[in-house]
Amino acid sequence: MGTVTMAIGAMALFATFMILCGRLRMSLHARRTGDSGDRRRAARQLPAQRGVDALANVGTLGVGVAAPVAALVGLPPVPPLSATAVQIGGVVVAVVAIGAVFAAQQTMGASWRVGLDPAERTTLVTDGVFGLVRNPIMAGAATMFAGLTLMVPNVVALVAYVSLVAAIQLQIRRVEEPHLRAVHGADYQRYAATVGRFVPGLGRLR
């Protein structure tokens, strides 16, 4: 496929992800619970969150917008990743990951949130896909953005993707896991000791 097709396709999939797993998910949550689940304002009370958000914004907008635009104005792909098969594989990865993220969000039920309110306690979800990995939504998002990066594999996308992965790691390790330990105590420790962080079996807490 051509550069223009891939660049436009990457932006379209990015928009689909943001709408489906962002705005639509919040709307469905509000209809079910009376609350959108948006806790981003409360999350900014946490010092670590501001740095994470900055990295995440660089990563998401870099991969989803800046890299495709750069491709459209002539920035070439990195040669080892420029093969058509790689780009088509990126499309497949991104589409499947979008569906996986939305399904994982649904599995969380009433406990689903965007952002973390340090004063709030929600039910610890450990069933379904959460019995395989502790953070399937973040793992799915990282996979989706990997797919977009493969669709438009230029330097902008690669640098932005590194920023996004760093943001996800910091969000989980420095923000969410300390909160879950504080709120759920021994229950979370037992869960985290047997279930991997992003990949089954890897990242279990001792």
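Preceding block: the structure.
I will try to describe carefully the structure that is included in this document. Just so it is clear, the structure is predicted and the values come from calculations on it, not from any experiment.

Notes on the nonpolar core
Right, on to step 1. Judged by nonpolar contacts, the single largest core of 39 residues is most densely connected at Phe-17, Ile-137, Met-144, Phe-145, Leu-148 and Met-151.
Right, on to step 2. Counting residues per element, the ones that place at least two in this core are helix H1 (3–33), helix H3 (47–72), helix H4 (84–107), helix H5 (136–151), helix H6 (155–184) and helix H7 (186–194).
Right, on to step 3. Discounting chain neighbours no more than four positions away, the residues touching Met-151 are Met-6, Gly-9, Ala-10, Leu-13, Gln-87, Gly-90 and Val-91.

A short note on the packing of aromatic side chains
Right, on to step 1. Following the criterion strictly, the structure yields three aromatic pairs and no others.
Right, on to step 2. When the centroid spacing of 6.2 Å and the interplanar angle of 65 degrees are considered together, the rings of Tyr-188 and Tyr-191 count as edge-to-face. Highlighted residues: Tyr-188 and Tyr-191, both in helix H7, separated by three residues, approximately one helical turn. Both residues of the pair, Tyr-188 and Tyr-191, belong to the buried class.
Right, on to step 3. Of the aromatic side chains, those joined through ring pairs into one cluster are Phe-14, Phe-17 and Phe-145.
Right, on to step 4. In this arrangement the basic side chain of Arg-25 is found over the ring face of Trp-112, its NZ or CZ atom lying 4.8 Å from the centre.

Remarks on the side chain of Asn-154
Right, on to step 1. As for its placement among the helices and strands, Asn-154 is situated in the loop between H5 and H6.
Right, on to step 2. Given a relative accessible area of 1%, Asn-154 falls into the buried group.
Right, on to step 3. At a separation of 3.0 Å, a polar atom in the side chain of Asn-154 contacts the main-chain carbonyl oxygen of Ala-67.
Right, on to step 4. A polar contact is formed between the side chain of Asn-154 and the backbone nitrogen of Ala-157, at a distance of 2.9 Å.

Here we look at the packing of H5 against H6
Right, on to step 1. The interhelical angle for the contact between H5 and H6, taken along N-to-C directions, is 175 degrees, at an axis separation of 10 Å. When the axis of H5 is compared with that of H6, the two are roughly antiparallel. Counting all contacts with H5, which are made through Met-138, Ala-142, Phe-145, Ala-146 and Thr-149, the residues of H6 involved are Ala-157, Leu-158, Tyr-161, Leu-164, Ile-168, Gln-171, Ile-172 and Glu-176.

A look at the pattern of salt bridges
Right, on to step 1. Summed over the entire model, instances satisfying the criterion amount to seven salt bridges.
Right, on to step 2. Residues Arg-39 and Asp-35 are paired through a salt bridge, measuring 2.4 Å at the closest nitrogen-oxygen approach.
Right, on to step 3. Taking the relative accessible area as the measure of exposure, Arg-39 reaches 12% and is therefore buried.
Right, on to step 4. Judged by relative accessible area, which is 26%, Asp-35 ranks as partly exposed.

Looking at H5
Right, on to step 1. Here H5 spans 22 Å end to end across 16 residues, near enough to the 22 Å set by a 1.5 Å rise per residue.
Right, on to step 2. Of all the 16 residues making up H5, twelve are buried; the element is thus mostly covered by neighbouring parts of the structure.
Right, on to step 3. Looking at H5, one finds that the buried residues are Pro-136, Ile-137, Ala-139, Gly-140, Ala-141, Ala-142, Met-144, Phe-145, Gly-147, Leu-148, Thr-149 and Met-151.
Right, on to step 4. In this structure, the buried side of H5 is in contact with H1, H3, H4 and H6.

Topic: H7
Right, on to step 1. Burial in H7 covers these residues: Tyr-188, Tyr-191 and Ala-192. Down the axis of H7, the sector holding all buried residues measures 95 degrees, keeping them to one side. Exposed side of H7, more than 90 degrees from the buried face: Arg-190 and Thr-194 are the residues found there.
Right, on to step 2. Buried residues in H7 make contact with H6.

About the thresholds
- Residues numbered from 1 in each chain as written.
- Predicted model: local features only at pLDDT ≥ 70, side-chain atom pairs only at ≥ 80, totals over all residues.
- Heavy atoms only, no water.
- Core = buried A, V, L, I, M, F, W, Y, C linked by side-chain atoms within 4.5 Å.
- Buried < 20%, exposed > 50% of the residue type's maximum accessible area, 1.4 Å probe, protein only.
- Helix = DSSP H or I, 4+ residues; strand = E, 2+ residues; numbered from the N terminus.
- Contact = heavy atoms within 4.5 Å.
- Phe/Tyr/Trp six-rings, centres within 6.5 Å; stacked < 30°, edge-to-face > 60°.
- Lys NZ or Arg CZ within 6 Å of the ring centre and 35° of its normal.
- Polar contact = N/O pair within 3.5 Å; in protein donor to acceptor, adjacent residues only side chain to side chain.
- Axes fitted to C-alpha atoms, helices over the stretch in contact; angles between N-to-C directions.
- Parallel < 35°, antiparallel > 145°, perpendicular 65-115°, else oblique.
- Salt bridge = Lys/Arg side-chain N within 4 Å of Asp/Glu carboxyl O.
- Expected span 1.5 Å × (residues − 1).
- Arc of directions from axis to C-beta.

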